[in-house]
Amino acid sequence: MNELIDTIVSAIQDKKGKRILSLDLSGFDGAICSAFVVCSADSTTQVEAIAGGVEQKVLEKLGEKVWRVEGLGNSVWVVMDYGDVMVHVFQTETRDFYKLEQLWADAPVREYAEEQ
């Protein structure tokens, strides 16, 4: 799972995603997955680019296909399901409104640099 998260984060960094973090949900009963990866983007175009970049890089590097993608219709919040890992790509204002990280405030958090 760590290799998947690292690959996702690298793809987000490639597309200049911001405020990148992962939440470890493995210690929570009833959590729908083991980890969330969350990032922000400045525009709907960048949200789409990040989602596309994640899908492409994970497939190329790990041979894993995304199970399901939701939100590309308006591209203000795209969710990508990799089974154990869910990727949330938010337009900045949408992320600030929903405060997803605060819902899981007890989860261990790892923050990542915005660029490599």
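The numbers attached to residues start from 1 for each chain and follow its sequence in the written order. At least 70 in pLDDT is required for a residue's local features to be given in this predicted model, at least 80 for side-chain atom pairs to be given and counted, and no such filter applies to totals for whole chains, interfaces and linings, which use all residues. Derived side-chain values reflect all non-hydrogen atoms in the structure, with water molecules and hydrogen atoms excluded from consideration.

## With respect to helix α2 (residues 44–62)
(1) Moving on: To qualify as a helix, a DSSP run of H or I must reach at least 4 residues; to qualify as a strand, a run of E must reach at least 2; elements of each kind are numbered from the N terminus. Here the expected length of a helix is defined as 1.5 Å per residue gap, with one fewer gap than residues. Between its terminal C-alpha atoms α2 stretches 27 Å, which fits the 27 Å expected from 19 residues at 1.5 Å a residue.
(2) Moving on: Each residue is placed in one exposure class: buried if its accessible area under a 1.4 Å probe, protein chains only, is under 20% of its type's maximum, exposed if it is over 50%, and partly exposed if it falls in between. Taken residue by residue, α2 has Q46, V47, I50, A51, G53, V54 and V58 as its buried positions. Projected onto a plane normal to the axis of α2, the buried residues spread over an arc of 160° and lie on a single side. Exposed positions of α2 whose direction lies more than 90 degrees from the buried face are T45 and E60. Note: the arc covers the axis-to-C-beta directions of the helix.

## Section: the packing of aromatic side chains
When we look at a pair of aromatic rings, we describe it by the centre distance and by the angle of the planes.
(1) Moving on: Here a pair means two rings of Phe, Tyr or Trp (six-membered ring of Trp) with centres within 6.5 Å. Their orientation is stacked below 30 degrees between planes, edge-to-face above 60, and tilted elsewhere. Counting across every chain of the model gives 5 aromatic pairs.
(2) Moving on: Measuring from centroid to centroid gives 6.1 Å for F36 and W104, while their planes differ by 85°, and the two rings are edge-to-face. Of the two residues, F36 is situated in strand β2 (residues 35–41) and W104 in the loop between α4 (100–103) and β6 (109–111); the sequence distance between them amounts to 68 residues.
(3) Moving on: Where F97 meets Y98, the ring centres are 4.9 Å apart and the plane angle is 90°; that geometry is what we call edge-to-face.
(4) Moving on: For F97, a relative accessible area of 61% translates into the label exposed.

## Some details on the side chain of T94
(1) Moving on: Looking at where T94 falls in the secondary structure, it is placed in helix α3 (residues 92–98).
(2) Moving on: Its relative accessible area of 14% is what places T94 among the buried residues.
(3) Moving on: What T94 contacts, discounting residues up to four positions off in sequence, is V76 and W77. Here, residues are in contact when the closest pair of their heavy atoms is within 4.5 Å.

## Some words on unusual backbone geometry
(1) Moving on: Positive phi is not limited to glycine here, since K16 has a value of about 65°.
(2) Moving on: Residue K16 is classed as partly exposed on the basis of its relative accessible area of 44%.
(3) Moving on: A positive phi is found at S75, a non-glycine position, where the angle reads about 55°.
(4) Moving on: A relative accessible area of 1% places S75 in the buried class.

## Quick look at the pattern of salt bridges
(1) Moving on: One side-chain nitrogen of Lys or Arg within 4 Å of one carboxyl oxygen of Asp or Glu is enough to make a salt bridge. The full count for this structure, using the stated rule, is 6 salt bridges.
(2) Moving on: A salt bridge links D6 to R110; its shortest N-O distance comes to 3.9 Å. Here D6, found in helix α1 (residues 2–14), pairs with R110, found in strand β6; they are 104 residues apart in sequence, far enough to count as distant.
(3) Moving on: Take D6: its relative accessible area is 40%, and that puts it in the partly exposed class.
(4) Moving on: With relative accessibility at 47%, the residue R110 sits in the partly exposed group.

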